[in-house]
Amino acid sequence: MTDATAGGMSAGPDRRSASLLTADPLMRRRNAAETRFRLYGVAAIMISLSMLFIMLWTIFSDGVSAFRQTSLTMAVTLDAERLDPQGNRARDDMMKVTTIGYTNLLNDALKSYMEARGIDTGEVSDRELSAFISRDTPAQLRNQVIANPDMLGQTIEVKGFATGRIDGYFKGRVTRETAQVDTNISVAQLELADQMREAGILTVGFNWKFLTNTDASDQRPEAAGLGIAIIGSAYMMLLVAVFVLPIGVAASIYLEEFAPKNRWTDLIEVNISNLAAVPSIVYGILGLAIFINFAKFPQSSPLVGALVLTLMTLPTIIIATRAAIRAVPPSIRDAALGIGASKMQTVFHHVLPLAAPGILTGTILGLASALGETAPLLLIGMVAFVANYPSGPLEGGMLEPATALPVQVYSWASRSDPAFIERSSGAIIVLLAFLLVMNIIAIVLRRRFERRW
Amino acid sequence: MNDMRIVERAVETRNIKISARGVQVHYGDKHALRDVDVDILDNTVTAFIGPSGCGKSTFLRCLNRMNDTVAVAKVSGTILLDGEDIYDRRVDPVQLRAKVGMVFQKPNPFPKSIYDNVAYGPRIHGLTRNKAELDEVVEASLRKAALWNEVKDRLQEGGTGLSGGQQQRLCIARAIATSPEVLLMDEPCSALDPIATAQVEELIDELRASFSVVIVTHSMQQAARVSQRTAFFHLGNLVEYGETGAIFTKPSDPRTESYITGRIG
Ligand SMILES: Nc1ncnc2c1ncn2[C@@H]1O[C@H](COP(=O)(O)OP(=O)(O)OP(=O)(O)O)[C@@H](O)[C@H]1O
Ligand SMILES: [Mg+2]
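Quick caveat: nothing in here was measured; it's all calculated off a predicted structure.

Participant: In this structure, what is going on with the interface of chain B and chain A? I would like to understand it.
Facilitator: By a frequent convention, interface size equals the accessible area lost on bringing the separate parts together. Each side of the interface is counted separately: chain B has 27 residues, and chain A has 16 residues. For the chain B and chain A pair, buried surface summed over both sides reaches about 1800 Å², with 65% attributable to carbon and sulfur atoms. When the buried area of chain B at its contact with chain A is split by residue, F110(B), P111(B) and Y120(B) rank highest and sum to 28% of it. The interface formed by chain B and chain A includes 1 salt bridge. On the surface where chain B and chain A come into contact, there are 5 residue pairs in polar contact (both at pLDDT 80 or more). When residues of the side of chain B that touches chain A are traced back to their parent elements, those giving at least two are α3 (93-99), β6 (100-103), α4 (114-125) and α7 (164-177) of chain B. It is α4(B) that provides the largest number of residues to the side of chain B that touches chain A, a total of 4 residues. Among the residues forming the side of chain B that touches chain A, the class breakdown is 12 nonpolar, 10 polar and 5 charged.

Participant: Please explain the UniProt feature "transmembrane region" (unreviewed entry) in chain A as it appears in this structure.
Facilitator: Residue and element names in this part refer to chain A. The positions that UniProt labels "transmembrane region" (unreviewed entry) are, in the present scheme, residues 37-60, 226-255, 275-297, 303-325, 346-371 and 426-445. With 97% helix and 0% strand, residues 226-255 has its two end C-alpha atoms placed 41 Å apart. What you have in residues 346-371 is 100% helix and 0% strand, and the ends, taken at the C-alpha atoms, are 34 Å apart.

Participant: Can you help me understand the domain arrangement of chain A in this one?
Facilitator: All names here are of chain A. Domain annotation for chain A reports domain 1 (69-205) and domain 2 (227-449). Each of domain 1 and domain 2 has a C-alpha centre, and the two are 45 Å apart. Counting residues at the interface gives 5 residues for domain 1 and 5 residues for domain 2. For the pair domain 1 and domain 2, the number of links is 3 salt bridges. R173 is the salt-bridge partner of E422, the closest N and O atoms lying 2.5 Å from each other.

Participant: What should I look at first to understand the coordination of the magnesium ion (ligand 2) in this one?
Facilitator: Ideal donor angles around a metal are set by the shape: a four-donor tetrahedron calls for 109.5 degrees, a six-donor octahedron for 90 or 180 degrees. All names here are of chain B. Here the magnesium ion (ligand 2) is held by S57 (OG) and Q105 (OE1), and the distances to it run 1.9 to 2.4 Å. Of the two residues, S57 is situated in helix α2 (residues 56-63) and Q105 in the loop between β6 and α4; the sequence distance between them amounts to 48 residues. Looking at S57, the relative accessible area reads 21%, which means it is partly exposed. Judged by its relative accessible area of 36%, Q105 falls in the partly exposed class.

Participant: Looking at this structure, how should I read the environment of G245(B)?
Facilitator: Looking at the element boundaries, G245(B) is found in helix α10 (residues 244-249). In sequence terms G245(B) and A224(B) are 21 residues apart; their C-alpha atoms lie 7.3 Å from each other.

Participant: Would you explain the site of ligand 1 in this entry?
Facilitator: Residues and elements named next belong to chain B. Residues in close proximity to ligand 1 total 14 residues, the closest being S52, G53, S57, T58 and H218. T58 is positioned such that a nitrogen or oxygen atom in its side chain is 2.5 Å from an oxygen atom of ligand 1. Taken by itself ligand 1 offers 630 Å² of open surface, and the protein chains cover 67% of this. Sorting the residues of the shell around ligand 1 by element identifies β2 (30-41) and α2 as the ones contributing at least two each. When residues in the shell around ligand 1 are grouped by element, the largest group, 3 residues, is from α2.

Participant: Can you walk me through the UniProt feature "domain: ABC transmembrane type-1" (unreviewed entry) in chain A in this structure?
Facilitator: Using the residue numbers shown here, the UniProt feature "domain: ABC transmembrane type-1" (unreviewed entry) corresponds to residues 230-442 of chain A. Secondary structure content for residues 230-442 of chain A is 75% helix and 0% strand, and the end C-alpha separation is 20 Å.

Participant: Got a minute to help me understand the packing of helix α3 (residues 25-63) of chain A against helix α21 (residues 418-449) of chain A in this structure?
Facilitator: Two numbers describe a pair of packed helices, the interaxial angle and the distance between the axes. All names here are of chain A. Running from N to C, α3 and α21 cross one another at 120 degrees; their axes reach a closest spacing of 7 Å. With respect to each other, α3 and α21 are oriented oblique. In terms of crossing hand, the pair formed by α3 and α21 is left-handed. Mapping the contact onto sequence places L56, I59, F60, D62 and G63 in α3 and E422, S425, G426, I428, I429 and L432 in α21. Its residues assigned to classes, the contact of α3 with α21 shows 6 nonpolar, 3 polar and 2 charged.

Participant: For this particular structure, what's the right way to read the packing of aromatic side chains?
Facilitator: Given two aromatic rings, one states the distance between the centres and the angle between the planes to describe the pair. Residue and element names in this part refer to chain A. As enumerated under the stated definition, the model contains 11 aromatic pairs over all chains in all. Geometrically, the ring pair formed by F67 and F206 is stacked, given 6.3 Å between the ring centres and 20 degrees between the ring planes. With F67 in the loop between α3 and β1 (68-77) and F206 in strand β3 (residues 202-206), this residue pair connects regions lying 139 residues apart in the sequence. A relative accessible area of 13% means that F67 is categorised as buried. You can call F206 partly exposed: its relative accessible area is 48%. One aromatic cluster is present, formed by F67, F206, W208, F210 and W412 through successive ring pairs.

Participant: Got a minute to help me understand the packing of helix α20 (residues 405-413) of chain A against α21(A) in this structure?
Facilitator: All names here are of chain A. Here α20 crosses α21 at 165 degrees, and the two axes come no closer than 8 Å. Comparing the axis directions of α20 and α21 gives the class roughly antiparallel. Seen along the crossing, α20 lies across α21 with a hand that is left-handed. Contacts between α20 and α21 pair L405, P406, V409, W412 and A413 from the former with F420, I421, R423, S424, A427, I428, V430, L431 and F434 from the latter. Considered class by class, the residues forming the contact of α20 with α21 number 12 nonpolar, 1 polar and 1 charged.

The rules behind the values
Residues numbered from 1 in each chain as written. Chains lettered and ligands numbered in written order. Predicted model: local features only at pLDDT ≥ 70, side-chain atom pairs only at ≥ 80, totals over all residues. Heavy atoms only, no water. Contact = heavy atoms within 4.5 Å. Buried area = accessible area lost by both parts, 1.4 Å probe. Salt bridge = Lys/Arg side-chain N within 4 Å of Asp/Glu carboxyl O. Polar contact = N/O pair within 3.5 Å; in protein donor to acceptor, adjacent residues only side chain to side chain. Helix = DSSP H or I, 4+ residues; strand = E, 2+ residues; numbered from the N terminus. Nonpolar A, V, L, I, M, F, W, Y, C, P; charged D, E, K, R; others polar. UniProt positions renumbered as here; feature names shortened; annotations may be inferred. Domains from an automatic or database assignment. Donors = N, O, S within 2.8 Å, 3.2 Å for Na, K, Ca; no water. Buried < 20%, exposed > 50% of the residue type's maximum accessible area, 1.4 Å probe, protein only. Near = heavy atom within 4 Å. Areas by Shrake-Rupley, 256 points an atom, 1.4 Å probe, with all protein chains shown as cover. Axes fitted to C-alpha atoms, helices over the stretch in contact; angles between N-to-C directions. Parallel < 35°, antiparallel > 145°, perpendicular 65-115°, else oblique. Left-handed = near helix turned anticlockwise from the far one by under 90°. Phe/Tyr/Trp six-rings, centres within 6.5 Å; stacked < 30°, edge-to-face > 60°.

Printed below as a string of structure tokens:
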């Protein structure tokens, strides 16, 4: 009887006699398939990791040098004759001395300072020597003197940037070979730079000004900084988070838990999915038309940028939030409704806390993509050269012109001086640091919500 | 003596708590329940028995309008609770469910602490005035559900960290903490060991003093032990309904007899 049934199934007798110690052919095939699949997986991960590594490596190797900068320190006697010809210390009269006057003063001062320190300028002409001083320095000095006329007549120590080429020499970007074909710098200047560095006139140090300065014109890349871009991006992230979270979460809760399932909600659903796929530049055009041309919000302001980015991230966040809400097991809703909780109570006491980690993840992903978004911001004018810091968030700073980190990356990358390329990579590092901070905040918040039982 | 008690019981169970007439349930195209007429008495344990998929849970969920949450479910017919139609447009199902509590087939504790699980109902219904009272309600409910001794030292730990049977008892405690008038229990003992089952059955018998209890069970013995009335469902029809003793000793329908004796199911 048993034999008959066993014989009926072809594998029966074989199976029964086979030893467990040797794998049968089918088992071997299954194991081989599994091994192959694992190898594919490992290979895929290795490829992505190496890409990531290459990307980070290029960014860091190009960009880290933006955080170091060569400075030129010298003693300058603020000659009252030259800086205040009228001699009355009146602000208006002193304003008449332009930066050119200060430039000449600094050029002369550097020359005499070199003589005093006993450094022979050799073949380097006066003109070439003055090319060591960044154009930023006279402007800074002028502001300082006008703000504080008592300084006139004193001898002070002035520490300013060295020009981009000299800075590039110490960072390895400019070499004697490149100097021979570069009209902006000569080998003799580089040799003098070496001497000046030994004498402590040129020093290389951490460049805080890269993080605090405003952008600078093409002639003085060494003075360009990210200050306004950082403020602009921070304002926008703050505003986007404030706008997008309540709207996105409320819309998702309504659609998931309260809305009737009918043709209208289906239509809305399809539209939300489609909006998530709309190219971001389209949102820029929309923002330009609505917020600037129609609502007359100030151009280039973080408020408008944030509104545009909110529109752009909203669909993503709604989709992520709805997925998180849907992932809450229905039995939890039943349990709450079953003991007489209202729909609101069910959602706010049980569903939302369980969905919170997912919602946070979605929000951070949305904010991260908003942080790196460039195209729509170009359209609303955030690429403009902004010379003044916006004021604090409570003093209406969000309505004043600013730029954003990715826009700054873009605009520096398109300038000709290689010193700007270095800054462009440096700005990417700052952008990545921003992302890291946002992710850490998300992880901390998620830990807080995710009380596992 | 024994006879005396039965007579007493018959007297006190006369008033009808829930009266269902012509209840039909459709899940989309599927006709899950046909023409069910049942009177559920106060201070009585009513057992619903029947093969899997015959509509016991469906009918139970009609009694506290949990079927409202199933988009495809359509309920028709009338169900009166104390003479009032619970499907009337003026009835708020939330208010109804505070009166008609439910223990679900699968244990579904909240992912919160044991204490919060039990305290949730009293909290949202404002049944207690202070923490001490709430503590009391929580303890009493857990004791009734035969869980107190196992969890009294870890009330602040998670409810989902309990074993399956403990979770089910936690859900029972949660349901009785709101002191409903009717308690619907969908296979409350399916995950319990014999000792816990006996405790829950004892609880059900106690609850009968103050509530009306409806219990779905797959165990004939349990139905015979705890219930005074039994309803037998088969393929969406209510086949037979009456005194438990009568159903088990002399069923009038052949289908009931085959089910009870284990021939269909
Ligand atoms: N949400 C639903 N959607 C569609 N059909 C459903 C739904 N819930 C139940 N049904 C169907 O209704 C019928 C009755 O189901 P019900 O859950 O009431 O059975 P039951 O008697 O409780 O069975 P069991 O003893 O296995 O719990 C089944 O055929 C089931 O497929
Ligand atoms: Mg069931």
